[in-house]
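# Inside the fold
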Amino acid sequence: MSSYPQTRLRRTRSTSWSRAMHREVLVTPADLIWPLFVTEGQGVEDPIASLPGVSRWSVDGIVARAKEAVALGVPCLALFPNTQPDRRSEDGREALNPDNLMCRAIRAIKDACGDDIGVLTDVALDPYTSHGQDGLIDAAGYVLNDATVEVLVGQSLNQAAAGADIIAPSDMMDGRIAAIRDALEGHSHHNVQIMSYAAKYASAFYGPFRDAVGSRGLLKGDKKTYQMDPGNAEEALREVEMDLAEGADSVMVKPGLPYLDIAIRVKQTFGVPVFAYQVSGEYAMIEAAVAAGAADRDAMVLETLVAFKRAGCSGVLTYHAAHAARLLGA
Ligand code: PBG
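In the nomenclature of an unreviewed UniProt entry, the protein is known as Delta-aminolevulinic acid dehydratase of Novosphingobium hassiacum. UniProt's Sequence similarities (unreviewed entry) comment on the protein is quoted here verbatim: "Belongs to the ALAD family." One UniProt comment on the protein, placed under Subunit (unreviewed entry), says "Homooctamer."

Here you go:
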């Protein structure tokens, strides 16, 4: 056992070169996935009030962000559409439109950047439904599992046909990974990956995101009949096990920092690539602290990112991705 003064843990911390040499994990731009919100129009940048510093961009602006990401070494974008109100419906059928906002954005990025960047697409119906739920609902408002999975399969094929590289189902229906994997294989999308939002919690941290995609005002009730209870960890392992068995290439834990225990347990249990989503409410908390003069943004952003790496994550979806990549590249 270590004893003092033979052991002084401060020895290796005493100089900058030594701290650098002993650092266990590093964050690089390649660890970052940048979530972006797409809106209609041309030349549009529409700031999101509850996410200060984040905007919705029209497709041309999204392409500019994609080129920025490539230059910064950020390997992947995550896209979310702000669907026009008149294209939202009870059954979310706009998700199946090959020319919807999402598909136009995917095609534009792929035309401009090809395989210089990956495009991850969210699969769930909430940006398309008039009730803001992630799936089809019955008369009582309950989200129907199997009927929803059928639509999600169509949504996934639609995104893959437009050029999506990673399909990321965020809906938490049972059985959707197998159904989507089968359909992708059946349509020769053998190399289209699936990153499953496997352990996604019914969280209070998603508020600003729902503003960004325009579903907050529409959502009736909550998502607790499909998203996980924040008190559960064993159940998260079952979710991950099931999604891996059904063909997920990687899994996600969401939200991020409040669920680092889940990330490390998933990594230690399954040894698969784990990603964490530092969600909109987490971003907003950091920005609020900075605005209040209570925190140093750059230091806080980098510290939170290294925490994800320490917890075994392969990468992090973060609204600070471009900013962090700039800090890391400097
Ligand atoms: C949609 C979805 C949500 C987020 C990602 N995909 C919101 C929700 O489940 O209500 C949240 C991301 C964030 O808060 O940044 N299914």
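That was the structure; now back to the text.
## Things to note about the overall build of the protein
For the protein, the helix and strand inventory stands at eleven helices and ten strands. Relative to its length of 330 residues, the protein is compact, with a C-alpha radius of gyration of 20 Å against a globular reference of 20 Å. Per-residue burial for the protein yields a buried fraction of 45% across its 330 residues. Taking contacts inside the protein between residues at least 6 apart in sequence as the whole, the part at least 24 apart equals 74%.

## A word on the UniProt feature "binding site: Mg(2+)" (unreviewed entry) in the protein
The UniProt feature table records "binding site: Mg(2+)" (unreviewed entry) at E239. Mapped onto the secondary structure, E239 falls in helix α7 (residues 234–245). What makes E239 buried here is the crowd of 22 C-beta atoms within 10 Å. Those residues in contact with E239, other than ones at most four positions away along the chain, are A198 and A199.

## Here we look at the pairing of strand β8 (residues 250–254)
Looking down a regular strand, the side chains alternate between one sheet face and the other. The buried fraction of β8 amounts to four of the five residues, a majority that puts the element mostly inside the structure. Of the strand pairs in this sheet, strand β7 (residues 193–200) and β8 are connected by four bridges, and their pairing is parallel. Each residue of the ladder has a partner; that of M195, found in β8, is S250. On the question of chirality, the crossover connecting β8 to the parallel strand β9 (residues 274–278) by way of helix α8 (residues 260–270) is right-handed.

## Focus on the site of the ligand
Within the structure, the ligand sits among D122, A124, D126, D134, S170, Y206, F209, R210, K223, V279 and S280. The residue inventory of the shell around the ligand, partitioned by class, reads four nonpolar, two polar and five charged.

## A short note on helix α5 (residues 176–186)
Where α5 is concerned, the buried positions are R176, I177, I180, R181 and L184. End-on view of α5: buried residues confined to an arc of 125 degrees, all on one side of the axis. Residues of α5 that are exposed and angled more than 90 degrees away from the buried face: E185 and G186. Considering only its buried residues, α5 is in contact with α4 (145–162), β6 (166–169), β7 and α7. Just downstream of α5, S188 is the residue with a positive phi angle, here 60 degrees.

## Observations concerning the environment of E150
By secondary structure assignment, the location of E150 is in helix α4. With 14 C-beta atoms packed within 10 Å, E150 lands in the partly exposed category. In this structure, the C-alpha to C-alpha distance between E150 and I180, residues 30 residues apart in sequence, is 8.9 Å.

## Brief notes about the UniProt feature "active site" (unreviewed entry) in the protein
Feature annotation in UniProt places "active site" (unreviewed entry) on K200 and K254, given in this structure's numbering. In sequence the annotated residues extend across 55 residues, while in space they remain close, none of their C-alpha pairs exceeding 4.9 Å. Within the element layout of this structure, K200 appears in strand β7. For K200, a count of 27 C-beta atoms within 10 Å translates into the label buried. With respect to the helices and strands, the residue K254 is situated in strand β8. By C-beta crowding, K254 is classed as buried, having 24 other C-beta atoms within 10 Å. Residues within four places of K254 in sequence aside, it is in contact with Y197, K200, Y201, Y277 and V279.

## Section: the nonpolar core
Ranked by internal contacts, the top residues of the largest apolar core, which has 95 residues, are V38, L77 and L79. The contact partners of V38, leaving out residues within four places of it in the chain, are R56, W57, V59, I62, L79, F80, P81, N82, L101, M102 and A105.

## Here we look at unusual backbone geometry
Of the consecutive residues Y4 and P5, the connecting peptide bond is found in the cis state with omega at 10 degrees. Positionally, P5 belongs in the segment before α1 (16–22). Positive phi is not limited to glycine here, since M172 has a value of about 65 degrees. Within the element layout of this structure, M172 appears in the loop between β6 and α5. By the C-beta count within 10 Å, which is 25 here, M172 ends up buried. Positive phi outside glycine occurs at S188, with the angle close to 60 degrees. Along the chain, S188 falls in the loop between α5 and β7.

Calculation notes
Along each chain, numbering runs from 1 in the same order as the chain's sequence is written. At least 70 in pLDDT is required for a residue's local features to be given in this predicted model, at least 80 for side-chain atom pairs to be given and counted, and no such filter applies to totals for whole chains, interfaces and linings, which use all residues. UniProt positions are given in the numbering used here, feature names are shortened, and annotations may be inferred rather than shown by experiment. A run of H or I in DSSP counts as a helix once it spans at least four residues, and a run of E counts as a strand once it spans at least two, with each numbered from the N terminus. For the radius of gyration, the atoms used are the C-alpha atoms, and the globule rule reads 2.2 Å times the number of residues raised to 0.38. Burial is judged by counting the other C-beta atoms within 10 Å of a residue's own C-beta: 20 or more makes it buried, 12 or fewer makes it exposed, and any count in between marks it as partly exposed, with every C-beta position built from the backbone. Two residues qualify as a contact pair if the distance between their C-beta atoms, derived from the backbone, is within 7 Å. Between any two strands, at least two bridges found by DSSP are needed for them to pair. Whether a crossover is right-handed depends on one test, that the path from the first strand over the helix to the second runs clockwise when the strands point away from the viewer. By convention here, the C-beta atom is placed from the backbone, and a residue is near a molecule or strand when that atom is within 6 Å of it. In this classification, Asp, Glu, Lys and Arg are treated as charged, Ala, Val, Leu, Ile, Met, Phe, Trp, Tyr, Cys and Pro as nonpolar, and every other residue, Gly included, as polar. Directions drawn from the helix axis to the C-beta atoms are what define this arc. Throughout this description, the term nonpolar core refers to a group of buried Ala, Val, Leu, Ile, Met, Phe, Trp, Tyr and Cys residues whose C-beta atoms join them within 7 Å.

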